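The primary structure of each chain is shown beneath.
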Amino acid sequence: MKHLSVLLKSFLVVALLANCSLGMAAKKNDAKLIVGEQRIDNDWLFFLGDESEAKNAAFDDSAWRKLDIPHDWSIEGEYSEKNPTGKGGGYMPSGVAWYRKHITIPKSMQGKKIQIDFTGVMENSEVWINGEYLGMHPYGYTGIIYDLSDKLNYGGDNVISLRTDTSKQPASRWYSGAGIYRHVNLLIDNQIRFANFGVYVSVPEIDLDKKTAVVKIESTVCNDTDKDVAANIAVTLTAPDGKVLSKTLPVTLKAASTSTHTQEINVENAILWDIDDPNLYVAKVDLLLGKKKALDTHQNNVGIRKTEWKAENGFWLNGRNVDIAGVCMHHEGGAVGAAVPNSIWERRLKQIKALGANALRTAHNPMDEPFLDLCDKLGILVMSEAFDVWEVSKNKYDYSRAFTEWCERDMEDMVLRARNHPSVFIYSIGNEMHEDYSKPRSFEIYKTLRDISHKLAPGTPVIMAAVNPNHWGSYENGFQDLGDLVAHNYRDMELIRAHQQKPSRIILGSESHQTPDAWEYVIKYPFLSGIFLWTGWDYLGEAYWPNISSRAGLYTRNGYIKPIGWEHMTWWVSEPMVHISRGAGEGRNMMMYDDWTFSEEEIGKQSTVRIYHNCDEVELFHNGKSLGSEKWHDNFTPAEFVVNNVPGEIKAIGRRNGKVVAEHSYTTANKAVKIEVEAEQPTIKNIWDDVAYFRVTLVDEQGRRYPVGAYNLKFTVEGNGKIVGLDNDYFQNHEKYVADTHSTYLGNAVAIVRSTASEGTIKVTVSCDGLESGSAEITIVE
């Protein structure tokens, strides 16, 4: 967030002090413009296809579709094996699309600095204002800001025209989406103002014993007038307990110049930000003409925390050694595609916290600031990653074509938008680059990107997530030592040997398989700082037809924890737990299920039963008969039994010190007779960034989930709401997400719903021939 409107400061200070989990809520009517930063997400016009005249202000767009953004038009389309996005893009459609917005800028704004900030457009975007070309931006994952000041029709209609082009495929190794999929902000400033991302708040000194800290504020100020100006930069730092510290710095701003000014605030009894207790201060920085008239205001959350990296024992946070238990994640949200409401991100982040994970890697691209705000609030460490390619391509039409020209600018954008967030503790300059790591050009790129990060965010370590570095001899030629940490993907023992060969190396597993030995190495070798598992959630793309979704997640696309997720919970949580899953099939083809209900073909066969637990021992019972016990495995593997597929009850109990501390069981379900619908939340807000999940389950007369077969469901919405996506998590499901019918998979489906009014209720009813219907209702709140 660059800065906030002075006129709205009394309202927004309260909102930010409360650290609203949904970020800056978009107004339903953005026609009333004021000095400051505001979203202009509402009332855009959309056309799927190419129309060369749409750049002109006088173009007739009256027949275009009206919608609000963020918007991913690709996810609204149909799956097809013929779609050129192919396995990487999940076989979803691609092409050219246009967006236009009509906006009136009052005459009173003439003379202001007026800019537009597109925080994420997929991809190859070109922008015009009133028919005048502003520029293009090839990368879909970073933002871009255009100056509109001298191109506007003040007091009259202004037309923003934007063209996106994803037609050249394949261009990605995963589903990337298409369109203006993140928020758009209008920045209206005075001629004397903070530069874009010009306020940097850091914590360069912390004394944990004395509980003191130094908060450093660096303010870059632009004076576009032709006169020197005497001003004051006033900083207010509000602690989580409400205590306020303040400091004012008189400055002289030279005419037609940009200058940077530094202030420091000493904090006593510092309240630390931590993964378990993410306390946040609020820093408000006012640029004042004289002592009272505010020209500009910047405000953001601040986390006081001390991070250290040690070669002998890895990562330290606030004076304690912390094993990094991380997961990787792509930028899409399942049925909503790339246009992901913040409430979905919050839901997902809470899910990985529930597993015991403490970090995530934004694979393989930057995320936006509202996402990072959530990570700040929830106490999740973030590795912010810049690129999946450099100059050597992985797909014919990927970012490698633009990298040389744009990489420095896009690296700067990532760091500038992320550097005020305490959650961000590592920057990655790339993932599994296909460059020859022995060539001078590879060294040059690494150093260039690293140095940009060091300049803009000193103290935050930089890595590259290398692939097979020993192939290029990059542990011997110095390439792997260019970063602040040494990281590579998979090949865990090679990474461990790299440290043993040079004990001064600080090492990190930037991407790891979900196998137990990955975490066993973290425990066995204290110098291994931690790992990032691939991946936290199933994701669209990177799958061969008829598959459309990767199954690599600990959670499904819609947030159902998978058996592999339960396994990882046993690594990362201390509370006693036991969970049963059964395997059908053999070897790599074995599918794990969370039930004890069989299809007709499975009766008479056997299942591999795995018990995921963190107890001293577990015992398995089948229909009341003990099948034996197993002690805890030091290599983190689950207990495993082979059991006949006989209906009834399967039950596991876990013991610590001989005492039963946890148990889990399934009872075979009869055929489904009714539909249960459960809303995950009782209320919803009438803003784009809030949606509600309705979980749908097929159950028997005892309420037990019936997972066999696929049932076709009909969804009906009553009240002030609409469906934005239906899904069932099946990796070969080709049904459209935006619809009113959908099938089940393993007895489950979900409906994702958004409000359409500021009050009232939303009731979702689900029906199916031969089954009793079910429904759930939520209330719309302010």
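All residue numbers refer to positions counted from 1 along the written sequence of the respective chain. Residue-level local features of this predicted model are given only where pLDDT is at least 70; pairs of side-chain atoms are given and counted only at 80 or more, and the full residue set underlies all totals for whole chains, interfaces and linings. Working from all heavy atoms in the structure, the side-chain values ignore hydrogens and water.

Draft legend 1. Highlighting the overall build of the chain. Summing up its helical and strand segments, the chain has eight helices and 49 strands in all. The atom set for the radius of gyration is the C-alpha atoms, and the globule formula is 2.2 Å times the number of residues raised to the power 0.38. For the chain, whose C-alpha radius of gyration is 27 Å, the value lies close to the compact-globule estimate of 28 Å for 782 residues. Taken over the C-alpha atoms alone, the chain extends approximately 90 × 65 × 55 Å along its principal axes. Burial classes follow relative accessibility: with a 1.4 Å probe on protein chains only, a residue under 20% of its type's maximum area counts as buried, one over 50% as exposed, and anything between as partly exposed. When the 782 residues of the chain are sorted by exposure, 61% land in the buried category. As displayed, the chain offers around 30,000 Å² of accessible surface, 48% of which is attributable to carbon and sulfur atoms. Under the counting rule used here, the positive set is Lys and Arg, the negative set is Asp and Glu, and His together with the chain ends is not counted. Note on charges: their place is set at NZ of Lys, CZ of Arg, CG of Asp or CD of Glu. Averaged over its 83 positive side-chain charges, the chain has a centre that lies 3 Å from the centre of its 104 negative ones. Each helix is a run of DSSP H or I of at least 4 residues and each strand a run of E of at least 2, with the numbering of both proceeding from the N terminus. Computed by Shrake-Rupley with a 1.4 Å probe, the accessible areas treat only the displayed protein chains as cover when residues are assessed.

Draft legend 2. Layout of the pattern of salt bridges. By definition here, a salt bridge exists when the distance from a side-chain nitrogen of Lys or Arg to a carboxyl oxygen of Asp or Glu is within 4 Å. Taken as a whole and judged by the stated rule, the model has 44 salt bridges. We note a salt bridge from D413 to R417, for which the minimum N-O separation is 2.9 Å. Residue D413 and its partner R417 are both found in helix α4 (residues 400-418); the two are separated by four residues, about one turn of the helix. Overall, D413 belongs to the buried group, its relative accessible area being 7%. Counted as one network, the salt bridges with shared partners bring together D117, R409, D410, D413 and R417.

Draft legend 3. Region of the structure containing the environment of C375. Secondary-structure assignment places C375 in helix α3 (residues 369-378). Separated by 96 residues in the primary sequence, C375 and N279 place their C-alpha atoms 12 Å from one another. Should any heavy atoms of two residues lie within 4.5 Å, those residues are counted as being in contact. If we ignore the near neighbours within four places in the chain, the residues touching C375 are W273, L349, I380, V382 and S423.

Draft legend 4. Region of the structure containing the confidence of the model for the chain. Considering every residue of the chain, the mean pLDDT works out to 94; 96% of them sit at 70 or more. Looking at any residue, its pLDDT shows the predictor's confidence there, from 0 to 100. For residues 1-31, every residue scores under 50 in pLDDT, and the model assigns this stretch 79 contacts once sequence neighbours within four places are set aside.

Draft legend 5. Quick peek at helix α5 (residues 440-456). Helix length check: α5 (17 residues) gives 25 Å between terminal C-alpha atoms against 24 Å at 1.5 Å per residue, within 8%. When we look at burial in α5, the residues that qualify are S442, F443, I445, Y446, L449, R450, I452, S453 and L456. In this structure, the buried residues of α5 make contact with β13 (192-207), α4, β26 (424-431) and β27 (462-465). Given a helix with a known number of residues, its expected span is that number minus one, times 1.5 Å.

Draft legend 6. Main features of the nonpolar core. In this text, buried Ala, Val, Leu, Ile, Met, Phe, Trp, Tyr and Cys residues form a nonpolar core when linked through side-chain atoms within 4.5 Å. F118, L186, F387 and W390 are the most contacted members of the largest nonpolar core, which has 156 residues in total. With eight residues, α4 is the single largest residue contributor to this core. Once residues within four sequence positions are removed from consideration, W390 is found in contact with S400, F403, I429, G430, M433, E435, S442, I445, Y446, L449, M464 and F479. If you look at the next biggest cluster of nonpolar residues, it comprises 27 residues, including V201, A270, L287 and V302.

Draft legend 7. Here's a closer look at the sheet that holds strand β37 (residues 625-631). Whether two strands pair depends on DSSP finding at least two bridges between them. Pairing is antiparallel in the open sheet, where four strands are placed in the order β37-β36-β39-β40. Edge positions in the open sheet fall to β37 and β40 (659-667), since each of these has one partner strand only. Neighbour-to-neighbour, the strand axes of the sheet open up by a mean angle of 15°, direction not taken into account. Here six bridges tie strand β36 (residues 617-622) to β37, and the two strands are oriented antiparallel to one another. Bridge pairing in β37 links H622 to K625. Axis definition: a line fitted to C-alpha atoms, over the contacting stretch in the case of helices. Angles run 0 to 180 degrees between N-to-C directions.

Draft legend 8. The sheet that holds strand β10 (residues 157-165), seen in detail. A sheet is described by the order of its strands in space; here six strands give the open sequence β3-β2-β4-β10-β7-β8, paired in antiparallel fashion. The open sheet has two edge strands with one neighbour each: β3 (65-67) and β8 (132-137). Sheet twist, expressed as the average angle between the axes of neighbouring strands with direction ignored, equals 25°.

Draft legend 9. Molecular detail of unusual backbone geometry. The linkage connecting I69 with the following residue, P70, adopts the cis geometry, with an omega of 10°. Among the secondary structure elements, P70 is positioned in the loop between β3 and β4 (96-104). Its identity as a non-glycine residue notwithstanding, A256 has a phi of 50°, on the positive side. Summarising the element assignment, A256 is placed in the loop between β16 (244-253) and β17 (257-267). A relative accessible area of 65% places A256 in the exposed class.

Draft legend 10. Just the packing of aromatic side chains, in detail. Each aromatic pair joins two rings of Phe, Tyr and Trp (for Trp, the six-membered one) with centres within 6.5 Å, and gets the label stacked for planes under 30 degrees apart, edge-to-face for over 60, and tilted for any other angle. Enumeration according to the criterion identifies 34 aromatic pairs in this entry. Ring centres of W309 and F425 lie 5.8 Å apart, and the angle between their planes is 25°; this geometry places the pair in the stacked category. Taken together, the positions of W309 in strand β20 (residues 307-310) and F425 in strand β26 put the pair 116 residues apart, joining distant regions of the chain. Three or more aromatic residues joined by ring pairs make a cluster, and in this case those are Y139, Y141, F387, W390, Y399 and F403. A ring has a charge above it when a Lys NZ or an Arg CZ is no more than 6 Å from the ring centre and no more than 35 degrees off the ring normal. Over the face of the ring belonging to Y693 we find R347, whose NZ or CZ atom lies 3.6 Å from the ring centre.

Draft legend 11. The arrangement of the environment of G760 in detail. Among the secondary structure elements, G760 is positioned in the loop between β47 (748-755) and β48 (761-768). With 39 residues separating them in the primary sequence, G760 and G721 have C-alpha atoms 9.2 Å apart. Excluding its chain neighbours within four sequence positions, the residues that come into contact with G760 are N720, T779 and I780.

Draft legend 12. Up close: the packing of helix α2 (residues 342-355) against α3. It is the contact of α2 with α3, at a shortest axis distance of 10 Å, that shows an interaxial angle of 35°. Every pair of crossing elements has a handedness; the one defined by α2 and α3 is right-handed. When α2 is examined against α3, the residues N342, W345, E346, L349, K350 and K353 are found in contact with a partner set consisting of P370, F371, L374, C375, K377 and L378. When residues are sorted by character, Ala, Val, Leu, Ile, Met, Phe, Trp, Tyr, Cys and Pro go into the nonpolar class, Asp, Glu, Lys and Arg into the charged class, and all the rest, Gly among them, into the polar class. Class assignment for the residues of the contact of α2 with α3 results in seven nonpolar, one polar and four charged. Crossing handedness: left-handed means the near helix sits turned counterclockwise from the far one by under a right angle, and right-handed means the same turn made clockwise.

Draft legend 13. How the structure looks around the pairing of strand β18 (residues 281-289). Burial analysis of β18 places eight of its nine residues in the buried class, which makes it a mostly covered element. The pairing of strand β15 (residues 229-238) with β18 spans eight bridges and is antiparallel. Note that in β18 the partner of I233 across the bridge is L287. Here β18 runs beside strand β19 (residues 293-302); their pairing, made up of nine bridges, is antiparallel. Following the sheet pairing, K284 is matched in β19 by Q299. Between β18 and β19, which pair antiparallel one after the other, the connecting turn spans three residues, and G290 there sits at a positive phi close to 75°.

Draft legend 14. Local environment of the side chain of S428. Along the chain, S428 falls in strand β26. S428 sits in the buried class, given a relative accessible area of 0%. Sequence-distant contacts of S428, defined by excluding residues within four places in its chain, comprise M383, S384, E385, A386, M414, I463, M464 and A465.

Draft legend 15. Quick peek at α2. Here α2 spans 20 Å end to end across 14 residues, near enough to the 20 Å set by a 1.5 Å rise per residue. Within α2, eleven of the 14 residues are buried, leaving the element largely enclosed by the surrounding structure. When α2 is considered as a whole, its buried residues turn out to be N342, S343, I344, W345, E346, R347, R348, L349, Q351, I352 and L355. Taken together, the buried residues of α2 touch β23 (324-329), β24 (359-362), α3, α8 (563-572) and β43 (692-699). Of the residues trailing α2, G356 is marked for its positive phi of about 100°.

Draft legend 16. Seen up close, the environment of R450. Structurally, R450 is set in helix α5. Considering only alpha carbons, one finds R450 and L771, 321 residues apart in sequence, at a separation of 60 Å. Those residues in contact with R450 that sit more than four places away from it in its chain are I429, V462 and L482. A distance of 3.0 Å separates a polar atom in the side chain of R450 from the backbone oxygen of L482. Whenever a nitrogen or oxygen atom comes within 3.5 Å of another N or O atom, the pair is scored as a polar contact, on the condition that within protein one atom can donate a hydrogen and the other can accept it, and that pairs from neighbouring residues in sequence are kept only if both atoms are in side chains.

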